[in-house]
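Chains, contacts and geometry: an overview
Residue-level listing of the chains:
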Amino acid sequence: MTGHDADPMIIAGCSRRKLQTAVPVPALDLYQGGCIPALRARTQEIGWLRSRTWILSAEHGLLHADVPLLPYDRRMDGPRAAWLRPAARRRLREEFRQRGFPREVLVIAGPLYQLALADLASLAGADRVRWVDDPAREWEKASAVISTWRPCP
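Predicted model, so just to flag it, every value in this text is computed and none were measured.

**With respect to the sheet that holds strand S5 (residues 61-64)**
Taken in spatial order, the five strands line up as S5-S4-S2-S8-S9 in an open sheet, and their pairing is mixed. Either end of the sheet is taken by a strand with one partner, and the two such strands are S5 and strand S9 (129-132). Averaged over all pairs of adjacent strands, the angle between their axes in this sheet comes to 20°, without regard to strand direction. Relative to the sheet, helix H2 (residues 36-45) contacts strand S2 (9-13) and strand S4 (53-57), its axis offset from that of S2 by approximately 155°.

Right under this line is the structure:
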């Protein structure tokens, strides 16, 4: 571990609506539904934020917003979330080891996606994790949290 706090981090659930493309595009650009368009706009306003943005994909698991993807069709369900959980835990551990523990983690994802992230609170610290359960309807709640963030000095 790096032993220091890192910039805040966002994890958003993927969406069913995707950009139709035959060329891989960054994950944050692929998804067109839920909170993703608003999140994409915020990352354009706040330059450092994109580097701290992650997507939980029903197909690919937890990945950075800039990982190139093609469209796919897979819905999150309970068994899939349980299957993705160990890989998400490993990915989070690796990220925290490399970059430090985020001062705060904002999860914008429905309950099924949260199942795949069930280890997040124990890894990052329960007091550092905020959950927004309805990405489409509760964007304002998430946006208010993001508005309080500043990058680490």
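**Brief notes about the packing of H2 against helix H6 (residues 139-147)**
At a minimum axis separation of 11 Å, H2 and H6 run at an interaxial angle of 20°. Relative to H6, the element H2 lies roughly parallel. Crossing hand, H2 versus H6: right-handed. Contacts from Ala38, Leu39 and Arg42 in H2 reach Trp139, Ser143, Ile146 and Ser147 in H6.

**Re the side chain of Glu104**
Structurally, the position occupied by Glu104 is in the loop between strand S7 (101-102) and strand S8 (105-108). Classification of Glu104 by relative accessible area gives buried; the value is 13%. A polar contact is formed between the side chain of Glu104 and the side chain of Arg130, at a distance of 2.4 Å. Contact partners of Glu104, with chain neighbours within four places excluded, come to Pro8, Met9, Arg128, Arg130, Val145 and Trp149.

**Quick word on the packing of aromatic side chains**
With the rule as written, the count across this model stands at two aromatic pairs. For the ring pair Phe96 and Phe101, a centre distance of 5.4 Å and an interplane angle of 45° mean the geometry is tilted. Given a relative accessible area of 2%, Phe96 falls into the buried group. Over the face of the ring belonging to Tyr72 we find Lys18, whose NZ or CZ atom lies 4.5 Å from the ring centre.

**Digging into H2**
In an α-helix there are 3.6 residues to a turn, and that puts residues three or four apart on one side. Along H2, the positions that sit buried rather than exposed are Ile36, Leu39, Arg40, Arg42 and Thr43. Down the axis of H2, the sector holding all buried residues measures 160°, keeping them to one side. Opposite the buried face of H2, at more than 90 degrees from it, the exposed residues are Gln44 and Glu45. Lining the buried residues of H2 we find S2, helix H1 (27-30), S4 and H6.

Rules and cut-offs
- Residues numbered from 1 in each chain as written.
- Predicted model: local features only at pLDDT ≥ 70, side-chain atom pairs only at ≥ 80, totals over all residues.
- Heavy atoms only, no water.
- Pairing = 2+ DSSP bridges.
- Helix = DSSP H or I, 4+ residues; strand = E, 2+ residues; numbered from the N terminus.
- Axes fitted to C-alpha atoms, helices over the stretch in contact; angles between N-to-C directions.
- Contact = heavy atoms within 4.5 Å.
- Parallel < 35°, antiparallel > 145°, perpendicular 65-115°, else oblique.
- Left-handed = near helix turned anticlockwise from the far one by under 90°.
- Buried < 20%, exposed > 50% of the residue type's maximum accessible area, 1.4 Å probe, protein only.
- Polar contact = N/O pair within 3.5 Å; in protein donor to acceptor, adjacent residues only side chain to side chain.
- Phe/Tyr/Trp six-rings, centres within 6.5 Å; stacked < 30°, edge-to-face > 60°.
- Lys NZ or Arg CZ within 6 Å of the ring centre and 35° of its normal.
- Arc of directions from axis to C-beta.

Function-wise, these values are silent; they only describe arrangement.
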